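Structure at a glance
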Protein chains: 4
Amino acid sequence: MKSEIKTADQPKPSFIEIARRAQIIECAIDAIAELGFAQASLAQIAKRAGISTGVILYYFAGKDELIRAVSDHVYATGEGFVRRKAEQQETARQALLDTFIGATVDFIGAYPNYSHALMNIARSGRREPGERLIDPALNAAREAGLASILRWGKESGEFRPFSTPVMVASIIDSIDAILPQLVRDPNLDLKAYARELVELFDRATRADSPG
Amino acid sequence: MKSEIKTADQPKPSFIEIARRAQIIECAIDAIAELGFAQASLAQIAKRAGISTGVILYYFAGKDELIRAVSDHVYATGEGFVRRKAEQQETARQALLDTFIGATVDFIGAYPNYSHALMNIARSGRREPGERLIDPALNAAREAGLASILRWGKESGEFRPFSTPVMVASIIDSIDAILPQLVRDPNLDLKAYARELVELFDRATRADSPG
Amino acid sequence: MKSEIKTADQPKPSFIEIARRAQIIECAIDAIAELGFAQASLAQIAKRAGISTGVILYYFAGKDELIRAVSDHVYATGEGFVRRKAEQQETARQALLDTFIGATVDFIGAYPNYSHALMNIARSGRREPGERLIDPALNAAREAGLASILRWGKESGEFRPFSTPVMVASIIDSIDAILPQLVRDPNLDLKAYARELVELFDRATRADSPG
Amino acid sequence: MKSEIKTADQPKPSFIEIARRAQIIECAIDAIAELGFAQASLAQIAKRAGISTGVILYYFAGKDELIRAVSDHVYATGEGFVRRKAEQQETARQALLDTFIGATVDFIGAYPNYSHALMNIARSGRREPGERLIDPALNAAREAGLASILRWGKESGEFRPFSTPVMVASIIDSIDAILPQLVRDPNLDLKAYARELVELFDRATRADSPG
DNA sequence: TATGAATGAGTATTCATTCAT
DNA sequence: CATGAATGAATACTCATTCAT
């Protein structure tokens, strides 16, 4: 009844429904972050929420829909976090270094479980080739945002010529490389790490000085 | 009978045993590369090999031993592949750019499933803390090799000062970032990709010109 | 959800849970009594109960917990059965002959499967030394009870001197010897059998008349 | 071909066949005695014999036939052991106490693994009700021998009147009760144990003195 | 004769999912 | 709305047995 394909004629979701979904998503994030995707069974998630597994399946059509909701939520949170800083940047260099790298690392520090859960989901492999767990559009949007910054900088002459897709992948995965290190050492100095990455990609991208 | 603790008095393994083990390892690599570690069940691996799951357990004491054999084989193959080039490097810069980045990308091109499987194993969460799936020394060795190249370059003045762990993680994960792209587009131009990475990390690491 | 570590804050078990657990325990007893411990698989037990094996594991954390529940239940039933008679005995001779032998044989007649299952569990080899299948204290308690009766009789002069452990083992196993005979002939006259055992062990234990 | 139903036209078993069967039976006895019946797989038995499981099934039609051969061998050995002493007994009392009890306990001391294996087999439960693992005739023969001694004594006036089957079962199981104790304490004093049993069953069986 | 290879049925256990209440 | 009950498929693994060599 509830969790079918969303159509416009769906009645407004009740307050309790919104709250329950949010609670379940939050517990799913924690479970996935701490146990890994494979071990994060519905039973585990339900236990953390203090409810029975039936409740989860009442609000989500299945585990896949829950996972999709989790990744939607995490991406939305992350984007909102980064966008706030991104709005008023005036140069591509600032947008790349301060916003994309800086704010993304800040996000990791602020929401380590979110980032970790997302990584665990993304890395957990797909059942049938082609059918992904995470909406590819979400990741694509993140990459597209970074790509547009890079193109902006190349057009403005701030950046040297390079392959945008290669640079996009390198930047994103270099940032994501923080997560396993953060698991090993929760006291990792993220500020310092961000400075290192900024320096690294500043040098990697900037145009050769003309002189 | 077969897969007990290896002792020196073990009779020479028969030809068919060697062949079967190799075949099973190969199919396990494919399964892990394509399905992810968690989904690569013995049944899946057996299906790819066209055998029953019992055969796998006839040649390997258990799934854990199979996984260990897989990672041993993959690491050994990868190291052998890279070492050939690495031997005669004379500068840290060459060692980093030509050998580590260049040869590793070559390896990905030559054995994409090996690389992919390895990444999936390494990234799959571990069960109980302390009991790792793959020998941690294997991965540590790879990182240590890269770290020593970086330190060498810093001492020789070829490289600028930077945080070695950050650079190690960024380089390795930037290379590994190739794999999902290769899945999406099997015709990806790896030569060009390698050149881009070389340029990227050359700029990211080299010392400022004194003038 | 259900069968976790029992803590005081566990909600009252529902009626259906109590009934199911009892039913499963009963079927397990039957299966163990009739097939022997090794052959009494969860599948067999489930078949007798007309349920799927999953149900068993829904109510019991695993086979071990089920077996423990079975032996607890059987020992508790047996002890309750025997204790009623034991309370008011005034001589060691009465305690041995009327209560221990008499009531135990009565118990076998009243609950033949219980006794049989218990014997099968107790006699089934244990996996790893140290980790026993049933609480050794349960069996030890039974033996200790008999041993204390025997010592009481020796001190009071009712019994002749003899090795207590030998007599304990002989009495218990002579009683347990009834069970296979009862399987062969369900109409076995237990009253008469008990009288024979009483006579046997009365003569075997009593002190020589002083005259 | 080999191990079908024995008929008279079977060619004389070769020396090697006899030797192999004996070797396998011996290893099976050890395995069953030490590991218990359920854990004594063909693989375990083969390992002890230093052969492959196929060999066992070449000489025995299946595990059931092997087990039957084992129990045949054990019973034959035991009977031979006891018969030597039994031949020249002149009173029923001597036959019971010296031969049956005394020699049987001696047998346990001399061949603890034989006795233990036999007990493990006998106690291991049957697959389908009715189909036994051990040829019931073997056990029946042992019981019949004891029964005839008891009847002899009753007729000669040495023994009091009692139920022969009850006494048979009590004597046999009281002797078998030694085995688990011997497992727990391999240094158990069997001589002393035999003396206790002799005293016990002497008193339990002897006729009341007429005076 | 004997081995090694392979199978298929059976083991306990986990887990997403359904459904009556 | 929510639970508890139940299922069925999937998991790794064991073992007696068959068969080609």
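Note: the structure precedes this text.
So, how was this worked out
For every chain, the first residue of the written sequence is number 1, and numbering continues from 1 onward in sequence order. Each chain is given a letter, starting from A, and each ligand a number, starting from 1, according to the order in which they appear as written. Owing to the predicted nature of the model, reporting of local features is limited to residues with pLDDT of at least 70; listing and counting of side-chain atom pairs is limited to 80 or more, with chain, interface and lining totals taken over all residues. Only heavy atoms go into the side-chain values, all of them from the structure, while hydrogens and water stay out. We place the copies in one frame by least squares, fitting the C-alpha atoms of every residue whose pLDDT is at least 70 in both. Only heavy atoms matter for contacts: two residues are in contact if any of them lie within 4.5 Å across the pair. Stacked, tilted and edge-to-face are the three classes applied to pairs of Phe, Tyr and Trp rings, where Trp contributes its six-membered ring and a pair requires centres within 6.5 Å; stacked means planes under 30 degrees apart, edge-to-face means over 60, and tilted covers the rest. What counts as a helix is a DSSP run of H or I of at least four residues, what counts as a strand is a run of E of at least two, and both are numbered from the N terminus. Two limits define a charge over a ring: the Lys NZ or Arg CZ must be within 6 Å of the ring centre, and within 35 degrees of the ring normal. Should a side-chain nitrogen of Lys or Arg be within 4 Å of a carboxyl oxygen of Asp or Glu, the pair is scored as a salt bridge. Exposure categories follow from relative accessible area, calculated using a 1.4 Å probe and restricted to protein chains: below 20% of the type maximum is buried, above 50% is exposed, and the middle band is partly exposed. Here a residue is considered near a molecule or strand provided that any single heavy atom belonging to it is located within 4 Å of it. Side-chain atoms alone can form a polar contact between residues adjacent in sequence; in general such a contact is a pair of N or O atoms within 3.5 Å, and within protein one must be able to donate a hydrogen while the other accepts it. Each residue is assigned to one of three groups, with Ala, Val, Leu, Ile, Met, Phe, Trp, Tyr, Cys and Pro labelled nonpolar, Asp, Glu, Lys and Arg labelled charged, and all others, Gly among them, labelled polar. Accessible area that two parts lose when put together, evaluated with a 1.4 Å probe and summed over both, is termed the buried area. The directions from the helix axis to the C-beta atoms are what the arc is built from. Orientation is described by lines fitted to C-alpha atoms, with helices fitted over the stretch in contact, and by angles between N-to-C directions that extend from 0 to 180 degrees. Roughly parallel means an angle under 35 degrees; roughly antiparallel, over 145; roughly perpendicular, 65 to 115; everything else is oblique. For any pair of crossing helices, the crossing counts as left-handed if the nearer helix is rotated counterclockwise from the farther one by less than a right angle, and right-handed if it is rotated clockwise.

**Here we look at the relation of the copies chain B and chain A**
Each copy of the sequence occupies a distinct position, and chain B is placed on chain A by a rotation of 176° and an axial shift of 0.1 Å, giving an RMSD of 1.0 Å. Here the symmetry operator amounts to a two-fold rotation axis. If distances are taken from each C-alpha of chain B to the rotation axis, the shortest is found for B:Ala204, at 2.2 Å. Most of the interface of chain B is mirrored in chain A, where 82% of its interface residues again form contacts.

**A closer look at the packing of aromatic side chains**
The description of an aromatic ring pair uses the distance of the two centres, along with the angle that the planes make with each other. Per the stated rule, a full pass over the model turns up 24 aromatic pairs over all chains. With a centroid separation of 5.0 Å and 90° between ring planes, the pair formed by A:Tyr58 and A:Tyr59 is classed as edge-to-face. Relative to C:Phe107, the ring of C:Phe81 has its centre 5.6 Å away and its plane inclined at 55°; by these criteria the two rings are tilted. Taken together, the positions of C:Phe81 in helix H4 (residues 63-86) and C:Phe107 in helix H5 (residues 92-110) put the pair 26 residues apart, joining distant regions of the chain. Connected via pairs of aromatic rings, a cluster forms that spans A:Phe81, A:Phe107, A:Tyr111 and A:Tyr114. A cation over an aromatic ring shows up here: C:Lys154 above the ring of C:Phe162, its NZ or CZ 4.7 Å from the ring centre.

**Topic: the pattern of salt bridges**
For the structure on display, the rule yields 32 salt bridges over all chains. We note a salt bridge from A:Arg203 to B:Asp208, for which the minimum N-O separation is 2.8 Å. Of this pair, A:Arg203 sits in helix H10 (residues 190-205) while B:Asp208 sits in the segment after helix H10 (190-205), on two different chains. Assessed through its relative accessible area of 11%, A:Arg203 is described here as buried. The exposure class assigned to B:Asp208 is exposed, which follows from its relative accessible area of 51%. Across the pair C:Arg93 and C:Asp202 runs a salt bridge whose closest N-O atoms are separated by 2.8 Å. Taken together, the residues span a long stretch of sequence, with C:Arg93 in helix H5 and C:Asp202 in helix H10 (residues 190-205) at a distance of 109 residues. Look at C:Asp202 and you get buried, because its relative accessible area is 5%. Where salt bridges share partners, they join A:Arg93, A:Asp202 and A:Arg206 into one cluster.

**So, the protein's contact with DNA strand F**
Not every one of the 31 residues close to DNA strand F is listed here, only the nearest: A:Ile16, A:Val55, A:Tyr59, B:Lys63 and C:Arg20. Across the atoms of DNA strand F situated within 4 Å of the protein, the share located in sugar and phosphate is 79%. Within the side chain of C:Arg20, an N or O atom sits 2.7 Å from a phosphate oxygen of DNA strand F. Elements that contribute at least two residues to the surface near DNA strand F include exactly helix H1 (15-35) and helix H3 (53-59) of chain A, helix H2 (42-49) of chain B, helix H1 (15-35) and helix H3 (53-59) of chain C together with helix H3 (53-59) of chain D. Tallied by class, residues from the surface near DNA strand F come to 14 nonpolar, eleven polar and six charged.

**Regarding helix H6 (residues 112-122) of chain D**
Residue and element names in this part refer to chain D. Burial runs high along H6: eight of the eleven residues are buried. Those residues of H6 that fall on the buried side of the exposure criterion are Tyr-114, Ser-115, His-116, Ala-117, Leu-118, Met-119, Asn-120 and Ile-121. Buried positions along H6 lie against helix H1 (15-35), helix H4 (63-86), helix H5 (92-110), helix H8 (164-176) and helix H9 (178-184).

**Details of the protein's contact with DNA strand E**
For DNA strand E, the set of nearby residues contains 33 residues, the closest of which are B:Arg20, C:Lys63, D:Ile16, D:Val55 and D:Tyr59. Considering the 4 Å shell around the protein, atoms of DNA strand E inside it are sugar or phosphate in 77% of instances. Contacts to DNA strand E include B:Tyr58, whose side-chain N or O atom sits 2.9 Å from a phosphate oxygen. Looking at the surface near DNA strand E residue by residue, the classes come out as 15 nonpolar, twelve polar and six charged.

**Quick word on the interface of chain B and chain A**
In this complex, chain B contributes 28 residues to the contact, which on the side of chain A involves 28 residues. Between chain B and chain A, the buried area comes to about 2,600 Å², and carbon and sulfur atoms account for 52% of it. At the boundary of chain B and chain A, one finds two salt bridges. Viewed at the interface, chain A and chain B are joined by five residue pairs in polar contact (both at pLDDT 80 or more). For the side of chain B that touches chain A, the element with the most residues is H10(B), which contributes eight residues. Per-class residue counts for the side of chain B that touches chain A are twelve nonpolar, seven polar and nine charged.

**Looking at helix H2 (residues 42-49) of chain C**
The periodicity of an α-helix, 3.6 residues per turn, causes residues three or four places apart in sequence to face the same way. All names here are of chain C. Burial in H2 covers these residues: Leu-42, Ile-45, Ala-46 and Ala-49. Angularly, the buried residues of H2 cover 100° about the axis, an arc narrow enough to put them on a single face. Residues of H2 that are buried sit in contact with H1, H3 and H4. One or two residues past the end of H2 sits Gly-50, with phi positive at roughly 70°.

**Notes on the environment of B:Ala110**
Mapped onto the fold, B:Ala110 is located in helix H5 (residues 92-110). When the C-alpha atoms of B:Ala110 and B:Gln94 are compared, they prove to be 21 Å apart, with 16 residues separating the residues in sequence.

**Concerning the packing of H10(C) against H8(D)**
At their nearest, the axes of H10(C) and H8(D) sit 10 Å apart, and the two run at 60° to each other. Judged by the angle between their axes, H10(C) and H8(D) are oblique. Judged by the twist between their axes, the crossing of H10(C) over H8(D) is right-handed. Contact residues: C:Tyr193, C:Glu196, C:Leu197 and C:Leu200 in H10(C); D:Val166, D:Met167, D:Ala169 and D:Ser170 in H8(D). Among the residues making up the contact of H10(C) with H8(D), the classes are represented as six nonpolar, one polar and one charged.

**Thoughts on the packing of helix H4 (residues 63-86) of chain A against helix H5 (residues 92-110) of chain A**
Residue and element names in this part refer to chain A. Packing of H4 against H5 brings their axes to within 9 Å, and their N-to-C directions diverge by 130°. One element, H4, and the other, H5, form an angle in the oblique class. At the point where H4 passes H5, the crossing takes the right-handed sense. Only Thr-99, Ala-103, Thr-104, Asp-106, Phe-107 and Ala-110 of H5 make contact with H4, whose side of the interface consists of Val-74, Thr-77, Gly-78, Phe-81, Val-82, Lys-85 and Ala-86. Grouping the constituent residues of the contact of H4 with H5 by class yields seven nonpolar, four polar and two charged.

That is the geometry; function is a separate question.
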